[in-house]
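The residues making up each chain are set out below.
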Amino acid sequence: MRVARLESEIDFDGWRVAARVLRTEGVSPEAVVWTVERDLFDQDLFPPPRGEGGGEADGWGTVQGVSTASPQDSSNPTRPLRGHPPHEGEGKILTVPAAFIDLAQTVILHRSPERLALLYRLLHRLERQPRLLDNPADADVAKARDMAKGVGRAIHKMHAFVRFRLVEDVTPETYVAWFEPAHRVTEAAAPFFARRFANMNWSILTPDACVHWDGSTLTMSPGADPADAPSQDAQEEMWRTYYASIFNPARLNPAMMKQEMPKRYWRNLPEAALIPDLIAKAQSRTETMVAAQPTKPSDRVLKAALKHARDGSFGESNLVNLEEVAAGIQVCRRCDLWRNATQGVPGAGPAKAALMIVGEQPGDQEDLQGIPFVGPAGQLLDRAMAEAGVPRDRVFVTNAVKHFKHEPRGKRRLHKTPDRGEVQACRWWLDAERRLVRPKVILALGATAVQAVFGKALPVGKTRGQRQALDGGEQGLVSWHPSFMLRIPDPEAKDRAYAELVEDLRQAWKLAG
Amino acid sequence: MAVLDLKRKLAILSDAAKYDASCASSGAQKRDSLGGKGVGSTEGMGICHAYAPDGRCISLLKILLTNFCIYDCAYCINRVSSNVARARFTVKEVVDLTLNFYKRNYIEGLFLSSGVIRTGDYTMEEMVRVAKSLRLDHDFRGYIHLKLIPEASPELAAEAGLYADRVSINVELPGDESLAILAPEKDAAGIKKAMGRMRLHIEDRNAPVKAGRAKPRKFATGQSTQLIVGADAAKDGDILARSAALYGSYQLKRVYYSAFSPIPDGSARLPVIRPPLVREHRLYQADWLMRFYGFGQGEIVAPGEDLDLTVDPKTAWALRHRGDFPVDVNTADRETLLRTPGLGARGVDRILQARAQTRLTLDDVKRVCGSVKRAKPFIVTADWTPGAATDGEGLRASLVAPQQLSLF
């Protein structure tokens, strides 16, 4: 039996020196005991380890040791080897694949007591099987790989689960964390924190070792106690708030959470204290959510939405033909008029027309039939057009507002004039029709149509008969709405308005050429 | 209106962000804070700093700048007609929260999304201001993901790319028709155009620079998107076809699938039944097959059809192609092994490495792949052959995992 003694649990250099000696001397893996006990023979101070690799108590006294303890440690009865590599000719030069060194440096950080013996066994086998590491199916290789994976995972989890706490009233800003890594990875994990938090002062305290960064250098110190770290940080309350809020109770999956965030880490995660309660309440929160009836949107929100719909840009629509406009109007929610209307009423007429006549909004008949100007006012317009010599089938007839605005009164529906917002919202459709039909002349009938076509209010009586250029390049004309004549009680005034409408129609048609 | 304290705002605006499945903080250009003035590093691989009880990782401070929104998308908790509590962060509040969380190692960086307020441009400008302040005022070198507002101007999207590591636009619904019905204000064509522009930006800005020429400012390295599963009638085949098109057309890094989940104050236009989470899981598996295993979308599931929820998509494919099995792990080529159920990409690499030295036994395969439970009926090893099991009638039943219980 040989005893190989390391300076610490992660003393890779010591392991390498000892392994080189043992290997050179041809010591078989079964004949080596690896230990970091300082004084194996002083049983009062350090009882011999039991279990795996421990061997029989009386066996310990008889082994010849291999130690890596520093040469000046003269109290050690075993042969110091550090700094004394085998003399040339003492044995053949050992070469191992670089991959083995990488693997061994990682595996030694594992907490398993078997790791040192496993590494030596691999080293030993590498002599006869130089390509051993290239066989991932080999049991020893697989075991070492699993240990390395465990260590890699522990490093990764340390990068993830360290929670710094600000040390109050200290300048420069200083942060300290208490952490308990799954394996002895504190040193290995430290450079990451130096790269990430290069301009902070910080320390990470663990039971094995502590690491400190002062803005330029990483230093190590012996293991510490949780009490050495600050016990709280004001931001933790915010962090817990975030943690609780970002969790979706309808997707509860604690098994997955535990797989990725093992319970051993919870003790030092400020957010983990919330977990039991979040899990306990998830089911009922979800049930409440599902059972709850949708609520009616608040008036404030609806108003805001309506405002946006009205003020939204027009002229940007992707509509490419009148069929799409017609279909769009059917599903339009830009204002609320659709709710009580039967259907939206798009314009009617040839896809390209020189004259476009714009009325106010569909009436009762139009709302039912889905065609503009088919009710009493429409019939009056037909008559006026015939008198003016304007062929209806060559004119595009539409309305400023596409849905019928009304108020139920008994069995009738009373016409209500659309407000500015509704006109504004619906301009989106009128503009689309204007863009697609490309009329030379637009005749706006009545104040609402004027508002929609000219974008501003103009007095009909004063402006009728006057040509005005529109932004789209069309000629704009204004006239009376036929329904106005239907409502004038004075027959003389009625006839005069009608004559003026005919006159305006004639002028419009002439202008349209 | 009462002024909300920061904690309350954080609760509202992170709650509102939890339906976005995206969590990745990987794929950024490597950098650290050495030699700088601020904090932060990215090392290629992102780190999940915590896991929520829903099993999802928390790697970023994922919040909305505001959950006020002028849109009315039925599936969205923040739609204008919903009665959820509303809040809005200032730019400085988001910047400070990000830095405070980052310095305590809670997060990898920031994932900033927002409801659309006033206009797309206004909203996007505010989001860009956050990223710009983190990068320029605080020399923050951690990860930033910005959700693009599709209607925002191309110039703003390009500016977002200057400060963010990744940008994304959510397609949300797999079909343009459903988008029109459930999200009337969203414009599928507009989203596609914005993604196309971003692809060109990313490719242009990240192209290798010829020697001697000035290196352009660092730019986002990728974009991603999210599809909601189960809010409309789209079948898995349609969803994957859409993903395949998105990967191909816009070089997306990831498509996230988010099983439609009940939301508080849900819209009456939504289905009452939510899809099982396993459907989302199967979609992710199928997505992996397309990206890492050489499967064409059409091989996995036809448009108009759903994935088999009882077995994983690769097993389902193998069950449809039993004639191709069993495969001999000691002789089969890489492509064939990758198509074998139970053999992952890493396991296949190890098999290829190991068999240069040894003839693999079933135990060997178990050691390199972790388990042979699913692979066993489909493989031949030095000491194992499935015999008639590959064609056996009971094969499918033996591969079906125990039923995952639903919450509902």
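Procedures and definitions
Residues numbered from 1 in each chain as written. Chains lettered and ligands numbered in written order. Predicted model: local features only at pLDDT ≥ 70, side-chain atom pairs only at ≥ 80, totals over all residues. Heavy atoms only, no water. Pairing = 2+ DSSP bridges. Helix = DSSP H or I, 4+ residues; strand = E, 2+ residues; numbered from the N terminus. Axes fitted to C-alpha atoms, helices over the stretch in contact; angles between N-to-C directions. Contact = heavy atoms within 4.5 Å. Salt bridge = Lys/Arg side-chain N within 4 Å of Asp/Glu carboxyl O. Buried < 20%, exposed > 50% of the residue type's maximum accessible area, 1.4 Å probe, protein only. Phe/Tyr/Trp six-rings, centres within 6.5 Å; stacked < 30°, edge-to-face > 60°. Lys NZ or Arg CZ within 6 Å of the ring centre and 35° of its normal. pLDDT = per-residue confidence, 0-100. Buried area = accessible area lost by both parts, 1.4 Å probe. Nonpolar A, V, L, I, M, F, W, Y, C, P; charged D, E, K, R; others polar. Expected span 1.5 Å × (residues − 1). Right-handed = clockwise from strand over helix to strand, strands pointing away.

1. With respect to the sheet that holds strand S3 (residues 60–64) of chain B
Residues and elements named next belong to chain B.
Here is step 1 of the chain: In spatial order, the strands read S3-S4-S5-S6-S7-S8; together these six strands make up an open sheet with parallel pairing. Edge positions in the sheet fall to S3 and strand S8 (254–259), since each of these pairs with one other strand and no more. Across the sheet, the mean angle from the axis of one strand to that of its neighbour is 20°, orientation sign disregarded.
Here is step 2 of the chain: Judged from the three bridges that link them, strand S6 (residues 166–168) and strand S7 (residues 222–229) form a sheet pairing that is parallel. Across the sheet, Ser 168 pairs through a bridge with Ser 224, a residue of S7.
Here is step 3 of the chain: Helix-sheet contacts for helix H8 (residues 277–292) involve S7 and S8, and the interaxial angle to S8 is about 165°.

2. A few points about the sheet that holds strand S6 (residues 174–178) of chain A
Residue and element names in this part refer to chain A.
Here is step 1 of the chain: Strand order across the open sheet formed by five strands is S5-S6-S7-S8-S9, with mixed pairing between neighbours. Among the strands making up the open sheet, the edge pair consists of strand S5 (165–166) and strand S9 (218–222).
Here is step 2 of the chain: Of the pairings in the sheet, the one linking strand S7 (residues 201–205) to strand S8 (residues 209–213) comprises four bridges and is antiparallel in character. Residue Ile 204 lies in a different strand from S8, and its bridge partner there is Val 211.

3. Some points on the pattern of salt bridges
Residues and elements named next belong to chain A.
Here is step 1 of the chain: On inspection of all chains with the given rule, the structure shows 49 salt bridges over all chains.
Here is step 2 of the chain: The partner of Lys 281 in a salt bridge is Asp 277, with the nearest N and O atoms 3.3 Å apart. Highlighted residues: Lys 281 and Asp 277, both in helix H9 (residues 275–291), separated by four residues, approximately one helical turn.
Here is step 3 of the chain: Relative accessible area serves as the criterion here: at 41%, Asp 277 is assigned to the partly exposed category.

4. Points about the environment of Pro150(B)
Residue and element names in this part refer to chain B.
Here is step 1 of the chain: By secondary structure assignment, the location of Pro 150 is in the loop between strand S5 (143–147) and helix H4 (154–163).
Here is step 2 of the chain: For Pro 150, a relative accessible area of 17% translates into the label buried.
Here is step 3 of the chain: Along the backbone, Pro 150 and Val 301 are 151 residues apart, and their C-alpha atoms lie at a distance of 30 Å.

5. Let's talk about the packing of aromatic side chains
Here is step 1 of the chain: Scanning the model with the defined rule gives 28 aromatic pairs over all chains in all.
Here is step 2 of the chain: Seen in terms of ring centroids, Trp239(A) and Phe101(B) are 5.4 Å apart; in terms of plane orientation they differ by 85°. Their pairing is edge-to-face. Separated into two different chains, Trp239(A) in helix H7 (residues 235–246) and Phe101(B) in helix H2 (residues 91–103) make up a pair that spans both. Each member of the pair, Trp239(A) as well as Phe101(B), is classed as buried.
Here is step 3 of the chain: The side chain of Arg291(B) reaches across the aromatic face of Trp288(B), ending 5.9 Å from its centre.

6. Side note on the confidence of the model for chain A
Residues and elements named next belong to chain A.
Here is step 1 of the chain: Residues with a pLDDT of 70 or more make up 84% of chain A, whose mean pLDDT is 84.
Here is step 2 of the chain: Confidence drops under pLDDT 50 across residues 42–91; counting only partners more than four residues distant or on other chains, this segment forms 80 contacts.
Here is step 3 of the chain: The model gives residues 313–317 a pLDDT under 50, and that stretch makes eight contacts with residues more than four places away or in other chains.

7. Some remarks on the interface of chain B and chain A
Here is step 1 of the chain: Taken together, the contact pairs 77 residues of chain B with 74 residues of chain A.
Here is step 2 of the chain: Taking both partners together, chain B and chain A bury about 6400 Å²; carbon and sulfur atoms supply 57% of that area.
Here is step 3 of the chain: In terms of surface lost to chain A, no three residues of chain B exceed Tyr51(B), Pro53(B) and Arg104(B), which account for 12% of the buried area on that side.
Here is step 4 of the chain: Remark: the boundary between chain B and chain A carries six salt bridges.
Here is step 5 of the chain: As a salt-bridge pair, Lys7(B) and Glu237(A) come within 3.4 Å of each other at their nearest N and O atoms.
Here is step 6 of the chain: Counting residues per element, the ones that place at least two in the side of chain B that touches chain A are helix H1 (6–15), strand S1 (50–51), S3, H2, H8, helix H12 (345–354) and helix H13 (362–369) of chain B.
Here is step 7 of the chain: Ranked by residue count, the leading element in the side of chain B that touches chain A is H1(B), at six residues.
Here is step 8 of the chain: Taken together, the residues that form the side of chain B that touches chain A break down as 38 nonpolar, 19 polar and 20 charged.

8. Brief notes about H7(A)
All names here are of chain A.
Here is step 1 of the chain: A rise of 1.5 Å per residue sets the reference length of H7, with its twelve residues, at 16 Å; its end C-alpha atoms lie 17 Å apart and thus fit the reference within 8%.
Here is step 2 of the chain: H7 sits mainly inside the fold: nine of its twelve residues count as buried.
Here is step 3 of the chain: Among the residues making up H7, those that are buried are Gln 235, Glu 236, Met 238, Trp 239, Thr 241, Tyr 242, Tyr 243, Ser 245 and Ile 246.

9. Observations concerning unusual backbone geometry
Here is step 1 of the chain: In the segment running from Thr171(A) into Pro172(A), the intervening peptide bond is cis, with an omega of -5°.
Here is step 2 of the chain: Positionally, Pro172(A) belongs in the loop between S5 and S6.
Here is step 3 of the chain: Geometrically, the link from Phe325(B) to Pro326(B) is a cis peptide bond, its omega value of 0° lying close to zero.
Here is step 4 of the chain: Here Pro326(B) shows up in the loop between helix H10 (313–320) and strand S9 (327–328).
Here is step 5 of the chain: Phi is positive for Phe373(A), which is not a glycine, with a value near 55°.
Here is step 6 of the chain: Its place among the elements puts Phe373(A) in the loop between helix H12 (364–369) and helix H13 (376–388).

10. Observations concerning the pairing of S3(B)
Each regular strand displays side chains that alternate between the two surfaces of the sheet.
Residues and elements named next belong to chain B.
Here is step 1 of the chain: Across the five residues that make up S3, a large majority, five, are buried.
Here is step 2 of the chain: Both faces of S3 are covered, namely the face carrying Leu 60, Lys 62 and Leu 64 and the face carrying Leu 61 and Ile 63.
Here is step 3 of the chain: By the bridge criterion, five bridges tie S3 to strand S4 (residues 109–113) in an arrangement that is parallel. What sits directly across from Leu 61, in S4, is Leu 110.
Here is step 4 of the chain: Taking the sense of rotation as the criterion, the β-α-β connection linking S3, H2 and S4 turns out right-handed.

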